[in-house]
Amino acid sequence: MKKTLTTLFIIVVVSLTSTAAYIYSSTKNTVDSLIQSVSPFVRISYQRFSNPMDGSISIHGVSVSLDAETYFDIGSIELKLDSPFSYIDFKKQINTGGIPAKLQLKINHAYADLDLLTFLTKKPSKFDVIKAYATALKCGEIESFDYENLSDLGYSGIDSSINLDFEYNKLSKLVEMKFDLVLHDIESYSFSTSVPNIEYAQDFANPDNEIKHLEFKIENLGYNNKVTKFCSEKSGLDTDTYMAQYSAALKNYLTKANVKLSDSIYQAYDEYLYKQAPITFSFQPTDAINLKYIHLYETKDWPNILGLTLYVGDNVVDELSIDWNRDVVISNLLKSRNNLKIMTTDTNVKVKKITRTSSSRSTSNTDNFISIPVAKIDQYIGSKVKLKLKNKLGKSYDGVVKEFSGNQVIIKIRMHGGRVELPIYIEDIGSVLVYK
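Here goes a summary of the coordinates provided. (Residues numbered from 1 in each chain as written. Predicted model: local features only at pLDDT ≥ 70, side-chain atom pairs only at ≥ 80, totals over all residues. Heavy atoms only, no water.)

**Overview of the overall build of the chain**
If you tally the helices and strands in the chain, you get 9 helices and 20 strands. Restricting to contacts in the chain with at least 6 residues of sequence separation, those with at least 24 account for 61%. Accessible area for the chain stands at about 24800 Å²; split by element, carbon and sulfur atoms hold 54% of it. (Helix = DSSP H or I, 4+ residues; strand = E, 2+ residues; numbered from the N terminus. Contact = heavy atoms within 4.5 Å. Areas by Shrake-Rupley, 256 points an atom, 1.4 Å probe, with all protein chains shown as cover.)

As structure tokens, then:
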């Protein structure tokens, strides 16, 4: 009996080990295959792949290069399903139009320099032009506030993180989704919705889809404070006076464009701007509604039709009323700008060349560092170092050595909005400088 139990135990262990090895290998191959499929358009590389067998897989130290000089870095990308066994037929399920029961996707600390953002937005939309003008109201001689002005506020780039939570109930055919976008030290956006009558993946593209619930939340993480301080200084006004004049100028600007909002909405916006209160738009229609047909109703009827409730913090805003002509509101907003220079969309305009710099964006003097052999880096746990990789891009990292394990060193690097732990293979390191 004892021998039989031992044999069964060995069989179970071997089976589980084989399954784990298969899942690890197949998921890594799938990731590498996806990266290879987009290689004609962008170059994606990563430092480490992990599959802890809890239903999640992740890649760390991701670099996305549009060309040799245009790139952005991502701390890590994580995908989590119900269980590790969900990956076995995940690809087949997606290819056949199936829908996973649960899925979570995280993109942590995607960093883009301001030069890259300016390059990507060199052809602003009409909405971008309007927003840039509205932000610059009463900001001294500044007429338009966009990505180029972020450096004036102390930003060197945009550090963002994304989180997607997806859940599907096959019996009720109901999909519930939540999407969070965090622009660290700037703003955060949260979006959640419920979509009924989803049976196959292709149903997501059905223009007749209805929603049962929709919620959008925006929260300031420091950007408003910096704009207020910067613009009050530019206008030569104390903060309270600037804020009062800005609020009045914004209301005047929108009124000139024939955009009518109740005073309670303006008050809610002031609390968001100056008291850092989060704003939440909650849409809870009496019956599921198709947003495709919302244009058939007058704008002033939207709050009632959509079941709109506006929150400032936890407080409900009363007396919601809006009204504007959908057909001409954009042109009205553009026409009502005062002395705003026309932003060019000429495709021949030269764009400033983006120079590749180290991921830590450090400008420390190399005279304060000494060179050491790469093989001795394990002797410098807790030390500040500069690592330069062997790859053709010659990327370098400034950070602190946290630990050394196997054939990897883990360093903490500073990114805008916090620190990220980055694992780097020893074989990929070309040189090491240690702070004296």
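From this point on, the discussion continues.
**Thoughts on the pattern of salt bridges**
All told, the structure shown has 4 salt bridges when counted by the stated rule. Measuring nitrogen to oxygen at the nearest pair gives 3.5 Å for the salt bridge that ties K173 to E199. In this pair, K173 sits in the loop between β6 (157-169) and β7 (174-183) while E199 sits in the loop between β8 (187-195) and β9 (213-220), placing the two residues 26 residues apart along the sequence. For K173, a relative accessible area of 31% corresponds to the partly exposed category. Between E233 and K229 there is a salt bridge, and its shortest N-O distance comes to 2.9 Å. Remark: K229 and E233 occur in helix α5 (residues 223-235); sequence separation between them is 4 residues, near one turn of the helix. Comparing E233 with K229, the two get one shared label, exposed. (Salt bridge = Lys/Arg side-chain N within 4 Å of Asp/Glu carboxyl O. Buried < 20%, exposed > 50% of the residue type's maximum accessible area, 1.4 Å probe, protein only.)

**Let's talk about the nonpolar core**
Judged by nonpolar contacts, the single largest core of 43 residues is most densely connected at F145, L153, Y223, Y253 and L333. Among the secondary structure elements, those contributing two or more residues to this core are α3 (114-120), α4 (126-135), α5, α6 (239-256), α7 (263-274), β12 (308-312) and α9 (329-335). The element best represented in this core is α6, accounting for 7 residues. Aside from chain neighbours lying at most four places away, what touches L333 is I130, Y253, L254, A257 and V259. One finds I57, V64, I99 and L103 within the second-largest nonpolar core, a separate group that totals 18 residues. (Core = buried A, V, L, I, M, F, W, Y, C linked by side-chain atoms within 4.5 Å.)

**Some thoughts on unusual backbone geometry**
The general pattern is negative phi for most residues beyond glycine and trans for most peptide bonds. Even without glycine at this site, K173 takes up a positive phi of about 60 degrees. Even without glycine at this site, D185 takes up a positive phi of about 70 degrees. In this fold, D185 is placed in the loop between β7 and β8. For D185, a relative accessible area of 33% gives the class partly exposed.

**With respect to the pairing of β9**
Pairing of β8 with β9 involves 8 bridges; the strand directions are antiparallel. Within the sheet, the bridge partner assigned to F191 lies in β9 and is F216. (Pairing = 2+ DSSP bridges.)

**Some thoughts on α6**
Residue pairs spaced three or four apart in an α-helix point in one direction, given the helix's 3.6 residues per turn. For α6, with 18 residues, the first-to-last C-alpha span of 26 Å sits near the 26 Å given by 1.5 Å per residue. Buried within α6 we find Y242, M243, Y246, S247, A249, L250, Y253 and L254. Buried-residue contacts for α6 involve α4, α5, β10 (260-261), α7 and α9. For α6, the capping residue at the N-terminal end is D238, with a side-chain oxygen 3.2 Å from the backbone nitrogen of D240. (Expected span 1.5 Å × (residues − 1). Polar contact = N/O pair within 3.5 Å; in protein donor to acceptor, adjacent residues only side chain to side chain.)

**Let's talk about the state of the cysteines**
All told, the structure shown has 1 disulfide when counted by the stated rule. The disulfide partner of C139 is C231, and the S-S distance across this bridge is 2.1 Å. Across the S-S bond of C139 and C231 the torsion is about -85 degrees, and the bridge reads as left-handed. Taken as a pair, C139 in the loop between α4 and β6 and C231 in helix α5 lie far apart in primary sequence, 92 residues in all. Like C139, the residue C231 is buried in the burial classification. (Disulfide = S-S within 2.5 Å.)

**Points about the packing of α6 against α7**
How two helices sit against one another is set out by the angle between their axes and by the gap between those axes. Running from N to C, α6 and α7 cross one another at 140 degrees; their axes reach a closest spacing of 11 Å. When the axes of α6 and α7 are compared, the pair comes out oblique. At the point where α6 passes α7, the crossing takes the right-handed sense. Here M243, Y246, S247, L250, K251, L254 and T255 of α6 come into contact with α7, specifically with D263, Y266, Y269, D270, L273 and Y274. Broken down by class, the residue content of the contact of α6 with α7 amounts to 8 nonpolar, 2 polar and 3 charged. (Axes fitted to C-alpha atoms, helices over the stretch in contact; angles between N-to-C directions. Parallel < 35°, antiparallel > 145°, perpendicular 65-115°, else oblique. Left-handed = near helix turned anticlockwise from the far one by under 90°. Nonpolar A, V, L, I, M, F, W, Y, C, P; charged D, E, K, R; others polar.)

**Some thoughts on the packing of aromatic side chains**
Across all of its chains, the model carries 6 aromatic pairs by this definition. An angle of 75 degrees between the planes, with centres 6.1 Å apart, marks the rings of F145 and F230 as edge-to-face. Of the two residues, F145 is situated in the loop between α4 and β6 and F230 in helix α5; the sequence distance between them amounts to 85 residues. By relative accessible area, F145 is classed as buried at 4%. Here F230 falls in the buried class, since its relative accessible area comes to 11%. For the ring pair Y189 and F216, a centre distance of 6.3 Å and an interplane angle of 25 degrees mean the geometry is stacked. On the criterion of sequence distance, the pair formed by Y189 in strand β8 and F216 in strand β9 is long-range, its members being 27 residues apart. Against the face of Y155 rests K226, its NZ or CZ located 4.2 Å from the ring centre. Here the guanidinium or amino end of K384 rests over the ring plane of Y435, the centre of that ring lying 5.5 Å away. (Phe/Tyr/Trp six-rings, centres within 6.5 Å; stacked < 30°, edge-to-face > 60°. Lys NZ or Arg CZ within 6 Å of the ring centre and 35° of its normal.)

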